[in-house]
Amino acid sequence: MRKAIKARIAVFVSGGGSNLQALIDQSGKTLKSGVITLVVADRPCSARERARNAGIPFAEIQRGPDFEEKALAILQERKIDLVILAGFLSILSAEFVSVYKDRIINIHPSLIPAFAGPGYYGLRVHRAALKRGVQITGATVHIVNEIPDGGPIILQKAVAVRKHDTPETLQLRVLKEAEWVILPKAAEMVSKAIVKGEPTWK
Ligand code: GRF
């Protein structure tokens, strides 16, 4: 039986790594066509422990002027096919994105185009949603292009806003009910397309 070829995945993180954990937990289940081969952090963060506990090679590359050059070098050395931004806070340049055209995906904690773009990250997204008074929010996985949160949408999942929500309670529900569900699914969809030599988005 020929061993199934899998897409080699690098996950970029900056924080707690709960989305990385969702990918790890779904490896071999929802995520079958890709394998997490590397975790890259742009700053000291507790996501490091999650990679270590899962036995996944980890690289911390300090954010700054030479982050991209160092990151590209290790991605190419490890023959990475797909980059997943999971709670990653640095903005990647158009040059970096062009090297991995249509092979970088990002999870954003709102239903893009709402509450997305420059300045919308982390709790700020949920604070803005509560301030606007939306009744439905959620999460989006999209292809990363040169426009922040602007690339083609791969998957979205809606989450109801509750009467007494705070940014923190809303963030946790969006993580649990949306992000941790659609990121592994989207990773599988894109990995399968890469392995089959098909476009990663329609
Ligand atoms: C969270 O705000 C999440 O909504 C967004 O990135 C932040 C941290 O995620 N995607 P993680 O726990 O580090 O994956």
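Structure first, text after, so check above.
A quick note: this is a predicted structure, and the numbers were derived from the prediction, not measured.

## Some words on the pattern of salt bridges
Applying the stated rule across the entire model yields eight salt bridges. In this structure, D165 engages R173 in a salt bridge whose closest nitrogen and oxygen atoms are separated by 2.4 Å. The exposure class assigned to D165 is buried, which follows from its relative accessible area of 12%.

## Section: the nonpolar core
Grouped together as the largest cluster of nonpolar side chains are 35 residues, with contacts concentrated most on V11, V13, L23, I84, V141 and L183. Ranked by residue count, the leading element in this core is helix α6 (residues 167-195), at nine residues. Ignoring any residue separated from it by four or fewer positions in sequence, one finds V11 in contact with L20, L23, I36, L38, V39, V40, I84 and A86. Within the second largest apolar cluster, 21 residues are counted, among which are A59, A71, F88 and F96.

Rules used throughout
- Per chain, the residues get numbers from 1 upward, laid out in the order the sequence is written.
- The predicted nature of this model means local features are confined to residues of pLDDT at least 70 and side-chain atom pairs, given and counted, to a pLDDT of 80 or more, with totals for whole chains, interfaces and linings taken over all residues.
- Working from all heavy atoms in the structure, the side-chain values ignore hydrogens and water.
- The term salt bridge refers to a side-chain nitrogen of Lys or Arg lying within 4 Å of a carboxyl oxygen of Asp or Glu.
- Whether a residue is buried, partly exposed or exposed follows from its accessible area with a 1.4 Å probe, protein chains only, as a fraction of its type maximum: under 20%, in between, or over 50%, in that order.
- The term nonpolar core refers to a set of buried residues drawn from Ala, Val, Leu, Ile, Met, Phe, Trp, Tyr and Cys, joined through side-chain atoms within 4.5 Å.
- Under the DSSP-based scheme used, a helix requires at least four consecutive residues in state H or I and a strand at least two consecutive residues in state E, with every element numbered from the N terminus.
- When checking whether two residues touch, look at their non-hydrogen atoms; a contact exists if any pair is within 4.5 Å.

Function-wise, these values are silent; they only describe arrangement.
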